[in-house]
Amino acid sequence: MKKVLWALVAFTMLLGGEAFAQAKKDYKIAWYASAVHPYFDGVKKGVEAFEKDTGITVLKQIGPDWTQESETAGLEALVAKGYKGFSVYPSNASGVNAIYKEIQSAGGFAVNFGAPSQQPTPASFTVATDVKYAATLATQTLIKLMGNKGNILNVLEVMTDPNTVLRKEGVELAVKAMPGVKIIQEVADITSIEEATEKIQNAIAAQKDKIDGIVCTGYTTTVATAQILAEYNKTAKKKIRFIGIDDDPVVVKAIKDGYIDATIAQNPYGHGYISCMLNKYLIDGYTVKAGAYMVNSGALVVTKANLDTYSSMLGAVTADILKKLEKDYLVAPKK
Amino acid sequence: MMRWFDNLRSKSEVGTIGAALVLFLGFTFLTDSFFTAYNLFNVGRNLSVYVFIALGQAIVMVVGGMNLSLGAIGGLATITAGMLMQNLSWDPVSASAAAIAVGIFTGWINGFVITKTKLNSFIVTLATSFIFTGLVMGISKGYPMTKLPESFNILGQGNFLGVPNLVLLLVVTLLIVWYFFRFTVTGRHLLATGGNLSAARLSGIKTDKMIVLANMLSGAFAAITALLWISRMASAQPATGGNWMIISFAVAVIGGTSLTGGSISAVGLFFGGLIMVLIKNGLILMQVDTYFEQTFLGMIILLAVLLGQTKELKSRRKPRTIEKDLGRKV
């Protein structure tokens, strides 16, 4: 029985260790995603393209959950293994800074992808959508769809996330600019699709005939609202207009079927490719240009009209950023 | 009439029913959108999902255990049904049967490990929750399944004479649960196992079998809830079950299921679920400040539970006497 147990332990360790064996000695770049998620699949494609184009192997590790504790433990292990360049999705905007300090002390570099860490931060760069801009863009698009007047239900996610505060500001900024539009209700503190479904449906019930449009600036709430409206807009006398964020298959299907209007697509491919490229430059001795930190990876409004072409449009945005990287964000090492 | 009223008052669920009624009437008068067809329809659907989740927990609490892997089993059942329908074009009935089989099998694993190793159900189901969640994520890679047959949505989205199909299914299920625990030998054996394990064993009940059975039923309820959720959302989300743990314990305990085992109430579960759903619904209808929502939620749950326990608290303060008991019987 003991032998069987030891064999099982050894097998599990072998499985877990497979990813480590891929690391290449030269650059020692690691890519770390919090958990299994379709968004990270898109980012991983960008990392793989970087590997193909540069010949540099990147260690790709996906954590077990969205907690900062798990992420910190995972990154600590990689620091101990001598990795220098880290491309990381911060599970918690403020909590991640502690491990970034450790990375910095060990002579390494951290580049955020997907979301920024809270300022002041030891991270060298953040490659992400400008969340406030994306929220403003989404709300402006929704207001246009509503005919520049009416009531909006603003759906936010976790209020303790600094990015949620920025998204809230972005939505409010767009609404403030339009006198005929107001936020009729705000729903927040949502962490799961089930919770989102319940809360959003409750809010629709509360303001049923008054809501003209819904804006969601988080992934979970967008998926839930797309599903709710796929059912609601089928039979409702007055269609509720909607814009969300990210291109989850549920959201894309709802746009294709005509139940929802639009979503804001981020650039996951660029998040992966550009963050790894920045790590390469930093390991090569480049330093961060004064004032450079945020690399805006772009965001696009996706509607039924550009559903088939938006991916290539985002690819062009990535290529453009890569061209400007040395000039706009970095200082070359002195020879 | 007085006897009937006394009989009713002696039921442990009366407080829970009273608390639910107070909330129902309160929100009806405090908001103009509570008592509307659309809202009540959704309250009914949420109630159904909440109670099915709670049934999965209550059934193992009956034998003195708990199931922390309930949500993870729900996730496994979700991707099983979703993948079978989307990737292998299985019909909804066969895919649902397979998902329930997965739920029962994973429940059996929990029960088997608990009874064979004599480890606490908390430890065992905590460990299996990680195993099952890992399988869900590893198999699905986090992608939802959206190409499901339209006919599958009838249960979650349809209604009969305005009553959500989910509520009808819930009522039938609770009637079966009530009958099972009240009138069947197996049901009584389950209660006896949780009430006093040693006494049950000494009286000839195969307690290990009962614990395994309770875990299998728990897995089955988790799988059924997952199917109802897929049917309601018209897609199979791998993240399904992520928030079930708190709901399962809260509804079960508010509904009168004992944490130490030996008791369950179908009526209590229904009204316990209703209390939770009404509070969450009412807070949004009343547009409570989102920053303080959790505070209000906690306060109202506490008040509702206290209201539900008033009778018990009173009886604790005034010890029963033989004379009083005799007087009541007369």
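Everything numeric in this text was worked out from a predicted model, so none of it was measured.

## Description of a nonpolar patch on the surface
- Taken together, the side chains of Leu119(B), Phe122(B), Ile123(B), Leu126(B) and Phe130(B) make up a nonpolar region of the molecular surface, amounting to roughly 480 Å² of accessible area.
- Locating Phe130(B) in the fold gives a position in helix H6 (residues 121-140).

## What about the interface of chain A and chain B?
- Between chain A and chain B, the contact holds 37 residues from the first and 36 residues from the second.
- Between chain A and chain B the total buried area reaches about 3200 Å² when both faces are included, carbon and sulfur atoms providing 52% of it.
- Of all residues in chain A, the largest losses of buried area upon contact with chain B belong to Glu194(A), Glu198(A) and Asn202(A), amounting jointly to 20% of the total for that side.
- Where chain A packs against chain B, one counts one salt bridge.
- Taken together, the links from chain A to chain B amount to 11 residue pairs in polar contact (both at pLDDT 80 or more).
- Those elements that provide at least two residues to the side of chain A that touches chain B are helix H2 (38-54), strand S7 (181-187), helix H7 (193-206), helix H8 (219-235) and helix H9 (249-257) of chain A.

## Some points on the pairing of strand S9 (residues 241-245) of chain A
Residues and elements named next belong to chain A.
- Taking burial as the measure, the five residues of S9 include four buried ones, the bulk of the element.
- Taken together, the three bridges between strand S8 (residues 213-216) and S9 define a ladder with parallel strand orientation. Following the sheet pairing, Gly213 is matched in S9 by Arg241.
- For S9 and strand S10 (residues 262-265), the ladder comprises three bridges, and the chain directions are parallel. By the bridge assignment, Ile243 is partnered in S10 with Ala262.
- Considered for its hand, the β-α-β crossover made up of S9, H9 and S10 is right-handed.

## Let's talk about the sheet that holds strand S1 (residues 29-33) of chain A
Residues and elements named next belong to chain A.
- Taken together, the six strands give an open sheet; going across it, the order is S2-S1-S3-S4-S5-S12, and neighbouring strands pair in parallel fashion. Each edge of the sheet is formed by a strand with only one pairing partner; in this case those strands are strand S2 (58-62) and strand S12 (294-296). Along the sheet, successive strands turn relative to each other by an average axial angle of 20°, direction set aside.
- Alignment of strand S3 (residues 85-88) against strand S4 (residues 109-113), held across four bridges, turns out to be parallel. Looking at the pairing, Phe86 lines up with Ala110 of S4.
- Sheet contacts for helix H4 (residues 96-105): S3 and S4; angle to S4, the most-contacted strand, approximately 145°.

## Side note on the side chain of Asp246(A)
All names here are of chain A.
- Of note, Asp246 is situated in the loop between S9 and H9.
- Reaching out from Asp246, the side chain makes a polar contact with the side chain of Gln266 at a distance of 2.6 Å.
- Aside from chain neighbours lying at most four places away, what touches Asp246 is Tyr219, Val251, Thr263, Ile264 and Gln266.

## Description of the confidence of the model for chain B
Residue and element names in this part refer to chain B.
- With 89% of its residues at a pLDDT of 70 or more, chain B shows a mean pLDDT of 89.
- Across residues 325-330, where pLDDT falls below 50, the model places two contacts with residues more than four positions away in sequence or in other chains.
- Here the prediction assigns the complex a pTM of 0.82, and the interface score ipTM is 0.78.

## Focus on the domain arrangement of chain A
Residue and element names in this part refer to chain A.
- According to the domain assignment, chain A consists of domain 1 (2-129 + 267-298 + 316-331) and domain 2 (131-265).
- The centre of domain 1, based on its C-alpha atoms, is set 31 Å off from the matching centre of domain 2.
- Each partner contributes to the interface: domain 1 provides nine residues, whereas domain 2 provides eight residues.
- Here domain 1 is connected to domain 2 by zero salt bridges.
- Run the count over domain 1 and domain 2 and you get one residue pair in polar contact (both at pLDDT 80 or more).

The rules behind the values
- Residues numbered from 1 in each chain as written.
- Chains lettered and ligands numbered in written order.
- Predicted model: local features only at pLDDT ≥ 70, side-chain atom pairs only at ≥ 80, totals over all residues.
- Heavy atoms only, no water.
- Patch = residues over 30% accessible without salt bridge, like charges linked within 9 Å, V, L, I, M, F, W, Y side chains within 5 Å.
- Areas by Shrake-Rupley, 256 points an atom, 1.4 Å probe, with all protein chains shown as cover.
- Salt bridge = Lys/Arg side-chain N within 4 Å of Asp/Glu carboxyl O.
- Helix = DSSP H or I, 4+ residues; strand = E, 2+ residues; numbered from the N terminus.
- Contact = heavy atoms within 4.5 Å.
- Buried area = accessible area lost by both parts, 1.4 Å probe.
- Polar contact = N/O pair within 3.5 Å; in protein donor to acceptor, adjacent residues only side chain to side chain.
- Buried < 20%, exposed > 50% of the residue type's maximum accessible area, 1.4 Å probe, protein only.
- Pairing = 2+ DSSP bridges.
- Right-handed = clockwise from strand over helix to strand, strands pointing away.
- Axes fitted to C-alpha atoms, helices over the stretch in contact; angles between N-to-C directions.
- pLDDT = per-residue confidence, 0-100.
- Domains from an automatic or database assignment.

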